[in-house]
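Structural description and commentary
Below are the chains, spelled out letter by letter.
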Amino acid sequence: MSTYKTLQLKVTLLAAFFLLNFIQIQAQTKVTVSGIVLNQTDQSALPYVNILLKTTKDSAFVSGTATNDEGRFTLVDVPSGKHYLELSFIGYRTKKQTLFIGTLSNYLDVGSIFLEEDSQTLNEVTVVANQNAVDAKMDKKSFKLEDNVSQEGGSVLQAMQNLPGVTVQDGQVQLRGNNRVTVLIDGKQTALTGFGNQEGLDNLPASAIERIDIINNPSAKYDGNGSAGIINIIYKKESQNGFTGKAGLAGGLGALWIKKENLPTVSSQYQFTPKINPSLSLNYHKNKINFFFQGDYLYTETLYKNEFVTRTYEDGTIINQQLRRNRNTGFSTIKTGLDWNFNNNNMLTISALWGREKIIDHGEQPFFNEDYSVRYRMWTFLEDELKTTIAATANYLHKFKQPGHFLNAGFTYTFHREDEQYFFENNRNDFTSKDSFKLLSDEHVADFNLDYTKPLKFGRVEAGFKFRHRSIPTNMHFFPGVNSPIDSAAGGWANYNEIIPAVYGNYIIEGPKYEAEIGLRMEYVNLNYDVNPNHPTYKSDGYSYTQPFPSIRLAYKMNEMNKLSFFYNRRVDRPNEVDIRIFPKYDDAEIIKVGNPALKPQFTNSVELGYKTSWENGYFYGALFRRIVDGTITRIATTVPGSNLVYAIYQNAGLSYNTGVEMLYSQKATDWFSYNVNATIYYNQIDSFTVENLYPMPHPFSMPRQQLYSGNAKLNLLFKLKKEVEMQVSAVYYAKDIIPQGEIGARFTLDFGIKISIQKGKGELFANATDLLNTMIVLKEIIGNGFKYSSADYYETQVIRFGYRYKF
């Protein structure tokens, strides 16, 4: 890093320190404290020893218990702070031992406590107490979807749109302006949401989800992949005894009016598009068995894309075009399994996940001259795609006698099939051709993990191992017609094969003033991408590395009301299979997307200074962050001599930077009104770079440095008009931002939702509307070698939904 960059980073962190010292924090967490009491003389266990936990400040009683037959004891729901243990037993001297309870670990082990024999007999006192507390950890933000009234009945992607710190762009989630996000389901990667990139979030029903965790600074326990952070989607699962469940039905309509009329000769765009989402959740818990089932179906018709593009070339040629996609999607998901507690110390969980996504796209794309007086051609297509996912998981948990002392072993196998067919018709003034292709891709992923956790007196240690084998054989067959514009020679087969063993260790320690969480993950990656020898451009390629991925969290408690945390981690973004896939994709007839087998991983170093303060009716969270990315992965759009076609190909563009501040303020103003405000402001910079796109022929491209200030702001207003009625109004603003080779324009949306509890709390009615003012339009400006293009996408964003749910 240059001296200037180093100085810039130091100034940013120093300014943040002085700024955040003006803010206050109050934090508590629930902790389980355990230990064993022994006779000092012969080291034998002492049963039935009375243990009291008191505050150091005024000796106020906090909790109490007695040791069991093995001399072990457990105190639960202990609040953070300075305490001491008081141990008493007939025939032994009373002993006092100081104890500090922090916020980093949910379990603390004080180890062995020795009592000295005494002739004096002490009275026995046994008291048990429970304390409620507020979790003060700053490593993640959690959001229950049932609280997101304005997005109920939609997809997970739609539900994320008004979550603090999250933006949605081009169908992908971004955290602080970065889409390199790893998405987990119940803590594990699956093909349902993608192993390297994001998939399926727009079709995964939100009705199946309990909550969403956003982790901006993952510890070494998590995979090194995903430089922007991790989104963990937690499925619904009950644990209370007996038979319980929830059934729901939601419906809706989208595209209520036309944002922009079609160009001449284009057939109707979807309007008043129907949505339907039935869901069923079942749970049966008795004795040692807990059975769970979650089933959902989401059917939508959508104006998926309605993009108007103007391309301008250096020779004066201007081409106007529209890409209209009417999409029908049916998405079914089932997750089921059981937890078997075959004794108090051992549990086996077996679960299965099945998903089926059927997509039918009817599209048209006309191409006109500058004044629309001449239509050059009409490109019509039918896309028929079926995605099938099957995942099976077995997880074994062993609980040692010491609370919080765990050994966890798990195995997950995932199969994902992508079966895609495209049928094209190219209508020109002098001829018509019909073309098609078929793609079949089968993904096989086997994951094995072993995780160990042991609580300590002032923290805990974590260690683990993970092994992944991932293979994706892919076949693409082109069927060209007469005068076909498609590159049929670029088909054939390709095989993706990846092996990743990894080990990690975390050490967490906490004292009255300081906290530390220090971890290291070591990963070895070996990727081979074999390409059929007949491909006209690409050859077999791959990469391998052995790299460390450290993570550090340090915290300083200035006093009981102020807490400051510093984060550092190093992460990686490995190219996904679709990023290096060698086959041209013709979902846009003249802006053709192609992968790059020579693509390499990008590595990111990030630092963050975070702060949180909370009070009785609200909280504030603030963070200053800085990311430096080496080998930035991005699509580069270029043309080749003698052609107006644009080829968008993934490349490593060099260094890029992301620096900014995130703030979240939440306040309960009255018994019936609360609100939260979130703002993220950041500075993005992409250094100048030169690359060479190889497809369809070698051609270089250079881009000067790009830089821009951007951000987003969100406001959520929540009303509880009566005990049974909740309302939410959400406003989201995205500022103009840079994208590779250009900019994306500012946009705004306003959402509304209402929820009514009926049937003594067992039933629930809801209704909501997204993008009430129909203002979400995506504007882009792109500059390439010898051309530029501007686009405006008037896709469907305005949707009204209504539904009913019943708990039993």
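Residues numbered from 1 in each chain as written. Predicted model: local features only at pLDDT ≥ 70, side-chain atom pairs only at ≥ 80, totals over all residues. Heavy atoms only, no water.

**Observations concerning the overall build of the protein chain**
Heads up, the condition is: In DSSP terms, a helix is any run of H or I states spanning at least four residues, a strand is any run of E spanning at least two, and both are numbered starting from the N terminus. Each radius of gyration reported is based on C-alpha atoms, and the globular scaling rule is 2.2 Å times the count of residues to the power 0.38. Here's how the labels work: a residue is buried when its accessible area is under 20% of the maximum for its type, exposed when over 50%, partly exposed in between, all with a 1.4 Å probe on protein chains only. Throughout, a contact is declared for two residues whenever any of their heavy atoms are within 4.5 Å. Calculation of accessible area relied on Shrake-Rupley with a 1.4 Å probe; when residues are assessed, cover is drawn exclusively from the protein chains displayed. Residues scored as positive are Lys and Arg, those scored as negative are Asp and Glu, and His as well as the terminal groups of each chain are ignored. Throughout, a charge is located at the NZ atom of Lys, the CZ atom of Arg, the CG atom of Asp or the CD atom of Glu.
In terms of regular secondary structure, the protein chain is built from 3 helices and 44 strands. Computed over C-alpha atoms, the radius of gyration of the protein chain comes to 29 Å, within 12% of the 28 Å expected from 2.2 N^0.38 for 808 residues, which places it in the range of a compact globule. Taking the principal axes of the C-alpha coordinates as reference, the protein chain spans close to 110 × 60 × 50 Å. Counting all 808 residues of the protein chain, 55% fall into the buried class. Considering only residue pairs separated by 6 or more positions, the protein chain has 69% of its internal contacts joining residues 24 or more positions apart. For the protein chain, the accessible surface area stands at approximately 33,600 Å², while carbon and sulfur atoms represent 57% of it. Each charge class in the protein chain was averaged separately, 83 positive and 82 negative side chains, and the resulting centres sit 4 Å apart.

**Observations concerning the sheet that holds strand β5 (residues 81-89)**
Where we set the bar: In this description, strands pair whenever DSSP reports at least two bridges between them. In this analysis an axis means a line fitted to C-alpha atoms, helices contributing only their contacting stretch, and an angle means the value between N-to-C directions, from 0 to 180 degrees.
Strand order in the open sheet formed by 4 strands is β3-β2-β5-β6, and the pairing between neighbours is antiparallel. Of all strands in the sheet, those bounded by a partner on one side alone are β3 (61-66) and β6 (92-101). Looking at each pair of strands side by side, their axes are set apart by 20 degrees on average, direction ignored. The pairing of strand β2 (residues 50-55) with β3 spans 5 bridges and is antiparallel. Looking across to β3, one finds that lysine 54 is bridged to phenylalanine 61.

**So, the packing of aromatic side chains**
Quick reminder of the rule: Two rings from Phe, Tyr or Trp (for Trp, the six-membered ring) form a pair when their centres sit within 6.5 Å of each other. Planes less than 30 degrees apart are called stacked, planes more than 60 degrees apart edge-to-face, and all others tilted. Put simply, a charge is over a ring when the Lys NZ or the Arg CZ is close to the ring centre, within 6 Å, and near the line of the ring normal, within 35 degrees.
Applying the stated criterion to the full structure yields 31 aromatic pairs. On the numbers, 5.7 Å between centres and 65 degrees between planes, the contact of phenylalanine 437 with phenylalanine 478 is edge-to-face. Of this pair, phenylalanine 437 sits in strand β21 (residues 432-456) while phenylalanine 478 sits in strand β22 (residues 459-479), and the two are 41 residues apart along the sequence. Taken individually, phenylalanine 437 and phenylalanine 478 each receive the classification buried, so the pair is uniform in this respect. Clustering of aromatic rings is evident, with ring pairs tying together Trp379, Phe381, Tyr422, Phe424, Phe437, Phe478 and Tyr586. Lying over the aromatic face of tyrosine 619, lysine 612 brings its terminal NZ or CZ to 5.5 Å of the ring centre.

**Focus on a nonpolar patch on the surface**
How we decide: In this scheme, patches are assembled from residues that exceed 30% relative accessible area and form no salt bridge. Like charges are connected within 9 Å, while nonpolar side chains (Val, Leu, Ile, Met, Phe, Trp, Tyr) are connected within 5 Å. Counted as salt bridges are all cases of a side-chain nitrogen of Lys or Arg within 4 Å of a carboxyl oxygen of Asp or Glu.
A surface patch of nonpolar side chains, about 710 Å² in accessible area, is lined by Phe411, Tyr413, Phe448, Leu450, Phe465, Phe467, Val503, Leu520 and Met522. Counting through the fold element by element, leucine 450 comes out in strand β21. Residue classification places leucine 450 among the partly exposed positions, given a relative accessible area of 34%.

**Quick look at the environment of glycine 404**
Mapping glycine 404 onto the fold places it in the loop between β19 (375-399) and β20 (406-428). For the pair glycine 404 and glutamate 743, spaced 339 residues apart in sequence, the C-alpha to C-alpha distance is 50 Å. Residues within four places of glycine 404 in sequence aside, it is in contact with Tyr107, Thr453, Lys454 and Pro455.

**Structural notes on the sheet that holds strand β31 (residues 646-652)**
Overall, mixed pairing links the 3 strands, which are arranged β27-β31-β30 in an open sheet. Where the open sheet ends on each side, the last strands, each with one partner, are β27 (591-594) and β30 (633-638). Geometrically, the sheet is characterised by an average inter-axis angle of 30 degrees between neighbouring strands, direction not taken into account. Here 6 bridges tie β30 to β31, and the two strands are oriented antiparallel to one another. Of the residues in β31, the one forming a bridge with arginine 635 is tyrosine 650.

**Re the pattern of salt bridges**
If you walk through the whole model with that rule in mind, you get 40 salt bridges. Arginine 468 is the partner of aspartate 447 in a salt bridge, and the nearest nitrogen-oxygen pair spans 2.8 Å. With a gap of 21 residues between them, aspartate 447 in strand β21 and arginine 468 in strand β22 connect regions that are remote in the sequence. Look at aspartate 447 and you get buried, because its relative accessible area is 9%. Two residues, lysine 600 and aspartate 541, come together in a salt bridge whose shortest N-O distance is 3.9 Å.

**Description of the nonpolar core**
Just so we agree on the cut-off: Residues belong to one nonpolar core when they are buried, are Ala, Val, Leu, Ile, Met, Phe, Trp, Tyr or Cys, and are joined through side-chain atoms within 4.5 Å.
Of all hydrophobic cores here, the largest spans 52 residues; its most connected members are Trp379, Tyr586 and Tyr695. Non-local contacts of tyrosine 695, meaning those with residues more than four positions away in its chain, are made with Asp487, Ala490, Thr537, Tyr538, Pro584, Tyr586, Val594, Tyr647 and Ile649.

**Quick notes on the pairing of strand β40 (residues 747-758)**
Sheet topology places strand β37 (residues 725-734) next to β40; 10 bridges connect them, and they run antiparallel. What sits directly across from valine 732, in β40, is threonine 749. The sheet contact formed by β40 and strand β41 (residues 763-770) spans 7 bridges and is antiparallel. Paired with isoleucine 754 across the bridge in β41 is alanine 767. Here β40 folds back onto β41, and the loop between the two strands holds 4 residues, one of which, glutamine 759, carries a positive phi near 55 degrees.

**Section: the side chain of serine 656**
Selection criterion: Side-chain atoms alone can form a polar contact between residues adjacent in sequence; in general such a contact is a pair of N or O atoms within 3.5 Å, and within protein one must be able to donate a hydrogen while the other accepts it.
Structurally, serine 656 can be placed in strand β32 (residues 656-668). Look at serine 656 and you get buried, because its relative accessible area is 9%. Within the local environment of serine 656, its side chain forms a polar contact with the side chain of threonine 632, the two groups lying 2.7 Å apart. Not counting the four nearest positions on each side in its chain, serine 656 is found in contact with Arg627, Ile628, Val629, Thr632, Gln685 and Ile686.

**Observations regarding the side chain of aspartate 213**
Within the secondary structure, aspartate 213 sits in strand β12 (residues 209-215). In terms of polar contacts, aspartate 213 uses its side chain to reach the side chain of serine 142, at 2.6 Å. Polar contacts involving the side chain of aspartate 213 include one to the side chain of arginine 211, which spans 3.0 Å. Excluding anything up to four places from it in sequence, aspartate 213 contacts Lys140, Lys141, Ser142, Ile230, Ile231, Asn232 and Ile234.

**A closer look at the confidence of the model for the protein chain**
Test applied: Per residue, pLDDT measures the predictor's confidence, with a range of 0 to 100.
Mean pLDDT for the protein chain: 87, with 93% of residues reaching 70 or above. When the criterion is pLDDT under 50, residues 1-28 qualifies, and its contacts beyond four places in sequence or with other chains add up to 53 contacts. Between residues 120-137, whose pLDDT stays under 50, and residues either more than four places distant or in other chains, the model counts 50 contacts.

**Some remarks on unusual backbone geometry**
Going from tyrosine 695 to proline 696, the amide bond is cis rather than trans, its omega being -5 degrees. Tracing the backbone shows proline 696 in the loop between β34 (689-693) and β35 (699-703). Despite not being glycine, aspartate 77 has its phi angle at roughly 55 degrees, a positive value. Tracing the backbone shows aspartate 77 in strand β4 (residues 72-78). Among the residues examined, aspartate 77 registers a relative accessible area of 26% and is labelled partly exposed. Phi angles above zero are rare outside glycine, and glutamine 759 is one such case at about 55 degrees. Within the secondary structure, glutamine 759 is located in the loop between β40 and β41.

**As for the environment of proline 696**
You can call proline 696 partly exposed: its relative accessible area is 31%. For proline 696 and aspartate 487, which are 209 residues apart along the polypeptide, the C-alpha to C-alpha distance reads 9.1 Å. With residues up to four places along the chain from it excluded, the contact list for proline 696 reads Thr537, Val640 and Tyr647.

**Remarks on the environment of valine 578**
Within the secondary structure layout, valine 578 lies in helix α3 (residues 577-580). By relative accessible area, valine 578 is classed as partly exposed at 28%. Here the alpha-carbon distance between valine 578 and threonine 690, two residues 112 residues apart in the chain, equals 23 Å.

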